[in-house]
Each structure stands twice: as C-alpha cells, then as structure tokens.
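Fold and geometry: a report
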Amino acid sequence: MRTRSISRALPKTATRVALGLALLAVPATAVARPASPAAPSQAVAHTAPLTARAATGLDDPAKKEIAMQLVSSAENSSLEWKKWYKWIDDIDDGRGYTAGIIGFCSGTGDMLDLVELYTKRKPDNILAKYLPALRKVNGSDSHKGLDPNFKKDWEKAAQDTAFQQAQNDERDRVYFDPAVKQGKADGIGVLGQFAYYDAIVMHGDGDEKTSFSSIRKRALKSAKTPAQGGDEVKYLNAFLDARVWAMKQEKAHEDTGRVDTEQRVFLKKGNLDLKPPLDWKTYGDSYHIG
C-alpha cells in the first residue's frame, strides 16, 4: 500500500537546473578539507573518519540497496522495492498519475522524462503513444489523453526489463546521484547522503521553502557541514530538524515517522555509515535489515 503522496517543488526541468547550480557552487575540494585544529574534540571525532567514509558512500552497491529498502519502507510499506515498477495510481495530490519505483508523476515532468528515455531506447514500446498527452498534461493533474488505458499499459511496460532499467536510470539521474554528490561535497557520510536522498525523493528541489535546497539552507543557519569544519552529527540533526519543519508545512507529509523513527534512530546510535543490522519503524511498522 502506498503510504504517502509525493511532493515536488518544480517540474523536473527546473529541478535539474536548480540542483546543478547548487552543486557547482560547492568547491570540489570541500570533502577533503580537514577539521579545524581548534575545533572541539567531539567535532574531530565525527569528522576525522571522513576520508574513509567517502570511499564507501551511498553509491556503493550494498549501501545503495539499503537506501532503496529504507525508502521503500516509507513509500510502499515493504522492503521489496523491485515489486513497484508496475505500480501506478492517482493519489489525489494534484500531480496526476504517480507511478513506479520512485513515484514518477505525470504532472511534474519526471514521468515524461522517463517515457522519453524508454522510447529513445526502445521506440516501439507500449507507452510511446502517450508522449503527446504526457507533454500536454505536464504541470497539471489532468488525465486527458491518458485514460482509459494508460494504467493498464504502464503495468504491461513494467514487465519489460528495458523499462525497469529506464526507471532505475531516471531515479539515479534526477534524485539519487545529485543527493550523493551534494552529500559528498558537504563531507557527510552514508547516513547523511541517505537523508539527502530521502528529502529529494519527497520534496524535489527548486526555490520553494520546502524543497531540498531550502531545507539544506535552513539547516546551514544552525550548523556547519563537516566540509566547512562543522560536526557531522550536529549538522545532520540540524538538517533533520529542517526536514521535519518542511514536512509539517504540507498536510500530506505531516507524519514525520520516516525521520523520527528511522533516520533519527540511526543518528542517535552513531551509525553514520548505515552498517547492518538495522532496525527501525516507519509509520508504525517495524523493519529489519540483517
């Protein structure tokens, strides 16, 4: 069962530009910057292992699989994220159809990007005929030109490994890779990179106050990143505080369990590398990764 709606600040074309500019503004050497000699001992303790963690970021295959399972526990009430390629529904969030492993939306542009990629790779696919309609409904909740068969055809397409791979690649390009890149630039480890990824998945990016970039800016008012010489735990607490604030601004996201009983749990235990075993709850359900 899908547990929450997906909120995105801007269509994906704007999202890519906004996040790209933010990433370009970060010095390439930021991750390698050592902690200040005058920093408190607690800060040194959290920032000293930075180089070692950078070698095994969230993009490590084993860590990435954990990230997919963690997000799926919140998105789908299940750790079996690969079952959701075929999922599609209108969840009445004003974004038209929401579908697939990361909630691509017909109203926000990322579903259009996905079907364009799939069609580029496989021109005769079953969804190609919907491209004109997807372009027209982008930015709205309309189903015009999609009904009555779009849902059925999406489910058929999801049986094609080429479409599954396209979903994986678009998820990485638009959400996962930018989150990991920004996390590494900020000098945060696997848990922090996951916190960034989960925030981009839910909020998208852009100029609005609840977007990922705005959440990060809000956190920076309270704490420095490790790349700036700050303490990693203090910064991640500030980021999660900002994330909770953003979630409470939208009725669909008022339940902050995916932060309070998942990410905070790992942070309080000092598990900055998301090393199994992992035990957490999301929206009242218990999960375990051994």
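**Quick word on the overall build of the chain**
- Regarding its fold elements, the chain presents 12 helices and five strands.
- The 290 residues of the chain split such that 57% are buried.
- Contacts in the chain between residues far apart in sequence, at least 24 positions, make up 65% of those at least 6 positions apart.
- Carbon together with sulfur atoms contributes 53% to the accessible area of the chain, which is approximately 12,500 Å² in total.

**Looking at the nonpolar core**
- Counting 72 residues, the largest nonpolar core has Met-111, Leu-127, Phe-150, Trp-154, Tyr-197 and Phe-239 as the members making the most contacts within it.
- Among residues more than four places away in sequence, those in contact with Phe-239 are Ala-195, Tyr-196, Ala-199, Phe-212, Ile-215, Arg-216 and Ala-219.

**As for the pairing of strand β5 (residues 285-289)**
- The pairing of strand β4 (residues 278-282) with β5 spans five bridges and is classified as antiparallel. Bridge pairing links Trp-280 to Tyr-287 in β5.
- Connecting the antiparallel pair β4 and β5 is a turn made up of two residues, with Tyr-283 showing a positive phi of about 55°.

**Digging into helix α7 (residues 150-157)**
- Among the residues of α7, Phe-150, Asp-153, Trp-154 and Ala-157 are the ones counted as buried. Seen along its axis, α7 keeps its buried residues to an arc of 105°; they face one direction.
- On its buried side, α7 packs onto β1 (88-90), β2 (97-99), α5 (110-121), α6 (131-137) and α8 (161-185).

**A look at the packing of α5 against α8**
- One way to put it is that α5 packs onto α8 with a least axis distance of 9 Å and a crossing angle of 130°. By the angle between their directions, the pair α5 and α8 is classed as oblique. Taken as a pair, α5 and α8 cross one another with a handedness that is right-handed. Where α5 approaches α8, its residues Asp-110, Asp-113, Leu-114, Leu-117, Tyr-118 and Arg-121 are matched on the opposing element by Ala-162, Phe-163, Gln-165, Ala-166, Gln-167, Asp-169, Glu-170, Arg-173 and Tyr-175.
- For the contact of α5 with α8, a count of residues per class yields seven nonpolar, two polar and six charged.

**Structural notes on the pattern of salt bridges**
- Counted under the stated rule, the structure contains 17 salt bridges.
- Close ionic contact of Glu-80 with Lys-83 constitutes a salt bridge, the shortest N to O distance being 3.4 Å.
- Classification of Lys-83 by relative accessible area gives exposed; the value is 51%.
- In this structure, the salt-bridge partner of Glu-170 is Arg-173, at a minimum N-O distance of 2.7 Å. Of this pair, Glu-170 and Arg-173 are both found in helix α8, three residues apart, which corresponds to roughly one turn of the helix.
- Among the residues examined, Arg-173 registers a relative accessible area of 35% and is labelled partly exposed.

**Remarks on the sheet that holds β2**
- On the basis of which strands lie adjacent, the open sheet formed by three strands has the order β1-β2-β3 and antiparallel pairing. With partners counted over all chains shown, the strands left at the sheet margins are β1 and β3 (104-105), one partner each.
- Pairing between β2 and β3: two bridges, direction antiparallel. For Ala-99, the partnering residue across the bridge sits in β3 and is Phe-104.

**Observations regarding the packing of aromatic side chains**
- Tallied over the entire structure, the rule returns 13 aromatic pairs.
- Ring geometry for Tyr-196 and Phe-239: centres 4.9 Å apart, planes at 50°, overall tilted. With a gap of 43 residues between them, Tyr-196 in helix α9 (residues 190-203) and Phe-239 in helix α11 (residues 232-248) connect regions that are remote in the sequence.
- Classification of Phe-239 by relative accessible area gives buried; the value is 0%.
- Aromatic side chains Trp-280 and Tyr-287 sit 5.6 Å apart centroid to centroid with 25° between the ring planes, which places their arrangement in the stacked category. The pair formed by Trp-280 and Tyr-287 is uniform in burial state, with each residue classed as buried.
- Aromatic ring contacts, followed pair by pair, group Tyr-97, Tyr-118, Tyr-130, Phe-150, Trp-154 and Phe-163 into a single cluster.
- Its guanidinium or amino end placed over the ring of Phe-176, Lys-64 lies 4.7 Å from that ring's centre, counting from NZ or CZ.

**Describing the environment of Ser-78**
- Structurally, Ser-78 can be placed in the loop between α4 (61-75) and β1.
- Residue class for Ser-78 comes out buried when judged on its relative accessible area of 16%.
- With 209 residues separating them in the primary sequence, Ser-78 and Tyr-287 have C-alpha atoms 8.6 Å apart.
- Excluding residues within four positions of it along the chain, Ser-78 makes contact with Gln-69, Ser-72, Ser-73, Trp-84 and Tyr-287.
- Reaching out from Ser-78, the side chain makes a polar contact with the backbone nitrogen of Glu-80 at a distance of 3.0 Å.

Conventions adopted
- Residues numbered from 1 in each chain as written.
- Predicted model: local features only at pLDDT ≥ 70, side-chain atom pairs only at ≥ 80, totals over all residues.
- Heavy atoms only, no water.
- Helix = DSSP H or I, 4+ residues; strand = E, 2+ residues; numbered from the N terminus.
- Buried < 20%, exposed > 50% of the residue type's maximum accessible area, 1.4 Å probe, protein only.
- Contact = heavy atoms within 4.5 Å.
- Areas by Shrake-Rupley, 256 points an atom, 1.4 Å probe, with all protein chains shown as cover.
- Core = buried A, V, L, I, M, F, W, Y, C linked by side-chain atoms within 4.5 Å.
- Pairing = 2+ DSSP bridges.
- Arc of directions from axis to C-beta.
- Axes fitted to C-alpha atoms, helices over the stretch in contact; angles between N-to-C directions.
- Parallel < 35°, antiparallel > 145°, perpendicular 65-115°, else oblique.
- Left-handed = near helix turned anticlockwise from the far one by under 90°.
- Nonpolar A, V, L, I, M, F, W, Y, C, P; charged D, E, K, R; others polar.
- Salt bridge = Lys/Arg side-chain N within 4 Å of Asp/Glu carboxyl O.
- Phe/Tyr/Trp six-rings, centres within 6.5 Å; stacked < 30°, edge-to-face > 60°.
- Lys NZ or Arg CZ within 6 Å of the ring centre and 35° of its normal.
- Polar contact = N/O pair within 3.5 Å; in protein donor to acceptor, adjacent residues only side chain to side chain.

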